[in-house]
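Observations on the three-dimensional arrangement
Here is what each chain is made of, one letter per residue.
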Amino acid sequence: MSAVLKQEPRLVAMRESDLLEVLAIENAIYSHPWTRGNFADSLRAGYQCWTWRGGSNLLGYFVMLVAAGEGHLLNLSIAAACQRRGHGSTLLAETMRMARGRGALQVFLEVRPSNGGAKALYSRFGFRQVAVRPGYYPAQAGREDALVLTLAL
Ligand SMILES: CC(C)(COP(=O)(O)OP(=O)(O)OC[C@H]1O[C@@H](n2cnc3c(N)ncnc32)[C@H](O)[C@@H]1OP(=O)(O)O)[C@@H](O)C(=O)NCCC(=O)NCCS
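These figures come from a predicted structure and were not determined experimentally.

Things to note about the overall build of the protein
Per the secondary structure count, the protein includes 4 helices and 7 strands. Counting from the amino terminus, the protein carries its helices and strands in the arrangement β-α-α-β-β-β-α-β-α-β-β. The C-alpha atoms of the protein give a radius of gyration of 16 Å, which matches the 15 Å a tight globule of 153 residues would have. Projected onto its principal axes, the C-alpha positions of the protein cover 60 × 40 × 30 Å. Out of the 153 residues in the protein, the part that is buried amounts to 39%. In the protein, the proportion of contacts linking residues at least 24 apart, taken out of those at least 6 apart, comes to 59%. Within the structure as shown, the protein displays about 8700 Å² of accessible surface, and the carbon and sulfur contribution to it stands at 52%. Averaging the positions of the 17 positive and the 11 negative side-chain charges in the protein gives two centres separated by 5 Å.

Focus: the pairing of strand 6 (residues 128-138)
With 7 bridges connecting them, strand 6 and strand 7 (residues 143-152) associate as antiparallel partners. Looking at the pairing, Val132 lines up with Leu147 of strand 7. Counting the residues between successive antiparallel strands, the hairpin from strand 6 to strand 7 contains 4 residues, one of them, Gly142, with a positive phi of roughly 80°.

Calculation rules
Residues numbered from 1 in each chain as written. Predicted model: local features only at pLDDT ≥ 70, side-chain atom pairs only at ≥ 80, totals over all residues. Heavy atoms only, no water. Helix = DSSP H or I, 4+ residues; strand = E, 2+ residues; numbered from the N terminus. Rg over C-alpha atoms; globule rule 2.2 N^0.38 Å. Buried < 20%, exposed > 50% of the residue type's maximum accessible area, 1.4 Å probe, protein only. Contact = heavy atoms within 4.5 Å. Areas by Shrake-Rupley, 256 points an atom, 1.4 Å probe, with all protein chains shown as cover. Lys, Arg positive; Asp, Glu negative; His and termini not counted. Charge placed at Lys NZ, Arg CZ, Asp CG, Glu CD. Pairing = 2+ DSSP bridges.

Pasting the structure below:
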């Protein structure tokens, strides 16, 4: 019987050819997902766009802008079937390592007040709320605020 090798997940630079898979996850886990154009623009703009792959399976991804000493985490997502297994924590730690490596002293991100899971993850990492952007997100009924969180690196 041949042994089944379990491959440790790894970061792989996101490419346009990943976008079908990325969008399948994105559309499954968000009420208001990013569009293909949002990802394509981020790739074209040279943002940090990375996939998190276990073997050939896409487990998650992130998009981050690092400029002028600040990281702005724009998207961090883990496939529904892979959540609550530590992947989000590992990927978040990777974003911070990458931001630090590119000279960022602080990371910012926005989160919906209704997103309890993400808020719990960020607070575990020491993120604190510094601002509220009123009506930032589209929501089922009207708009939803964004909480702006930051962490010093
Ligand atoms: C938020 C998200 C990235 C977390 O990824 P994950 O792989 O599930 O996270 P982890 O397994 O590393 O969880 C770490 C900790 O975060 C907290 N957490 C994560 N998801 C949670 C949830 N749904 N409810 C409550 N706490 C949660 C817990 O404290 C958890 O530790 P525990 O499992 O030991 O209790 C993932 O749920 C996701 O992609 N959600 C949809 C997209 C999204 O909301 N992205 C963030 C937008 S700002």
